[in-house]
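Observations on the model geometry
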Amino acid sequence: MKNDLLAQFNKAFESKARLSIMSVLMVNELMSFNAFKELLGLTDGNLATHLRALEESGYVAVQKQFVGRKPNTTYSATQAGQQAFSEHLNALEAFIKNL
């Protein structure tokens, strides 16, 4: 039974950083790169790597624009990302309840 529950975990969210990123995006419509960096305490490279992985999975959408002369990159959870993350949280909850 526990192996069945473990199989329902989404590998895209196994990383603490990715779990944190998706948690933030579930309660915030948009989040800038700099706000993520400050909130999560990640380096530029580490954050960029995790965001890119979530983007490639189709879970995060990226919007790039200029504010004045400065580039501003914002991120949002896609519908697929919200669904996948909710399913992952449900699998975690089911696993904990069955311990």
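Residues numbered from 1 in each chain as written. Predicted model: local features only at pLDDT ≥ 70, side-chain atom pairs only at ≥ 80, totals over all residues. Heavy atoms only, no water.

Counting its regular elements, the chain contains five helices and three strands. Listing every helix and strand of the chain by position from the N terminus yields α-α-β-α-α-β-β-α. Dimensions of the chain along its principal axes, counting C-alpha atoms only, are 55 × 25 × 20 Å. Relative to its 99 residues, the chain shows a buried fraction of 32%. Side chains of the chain give 10 positive and 9 negative charges; the mean places of these two sets differ by 7 Å. (Helix = DSSP H or I, 4+ residues; strand = E, 2+ residues; numbered from the N terminus. Buried < 20%, exposed > 50% of the residue type's maximum accessible area, 1.4 Å probe, protein only. Lys, Arg positive; Asp, Glu negative; His and termini not counted. Charge placed at Lys NZ, Arg CZ, Asp CG, Glu CD.)

With that settled, consider helix α2 (residues 16–27). Taking 1.5 Å of rise per residue, the twelve residues of α2 would be expected to cover 16 Å, and the 17 Å separating its terminal C-alpha atoms lies within 8% of that figure. The elements touched by buried residues of α2 are β1 (31–32), α3 (33–40), α4 (44–56), β2 (60–67), β3 (70–77) and α5 (79–97). (Expected span 1.5 Å × (residues − 1). Contact = heavy atoms within 4.5 Å.)

Side chains that differ in charge, positive against negative, can pair when their charged atoms come close. Counted according to the given criterion, the structure contains three salt bridges. The partner of Glu-14 in a salt bridge is Lys-11, and the shortest N-O contact between them spans 3.7 Å. Using a relative accessible area of 63% as the deciding quantity, one classes Lys-11 as exposed. With a shortest N-O distance of 2.8 Å, Asp-44 and Lys-37 are connected by a salt bridge. Assessed through its relative accessible area of 42%, Asp-44 is described here as partly exposed. Overall, the relative accessible area of 28% leaves Lys-37 in the partly exposed class. (Salt bridge = Lys/Arg side-chain N within 4 Å of Asp/Glu carboxyl O.)

A complete count under the given rule lists four aromatic pairs for this structure. The structure contains a cluster of three or more aromatic residues connected by ring pairs, namely Phe-13, Tyr-59 and Phe-85. (Phe/Tyr/Trp six-rings, centres within 6.5 Å; stacked < 30°, edge-to-face > 60°.)

Attention shifts here to the nonpolar core. Membership of the largest hydrophobic core comes to 20 residues, with the highest contact counts inside it found for Phe-13, Met-22 and Phe-36. At five residues, the largest contribution of residues to this core is made by α2. (Core = buried A, V, L, I, M, F, W, Y, C linked by side-chain atoms within 4.5 Å.)

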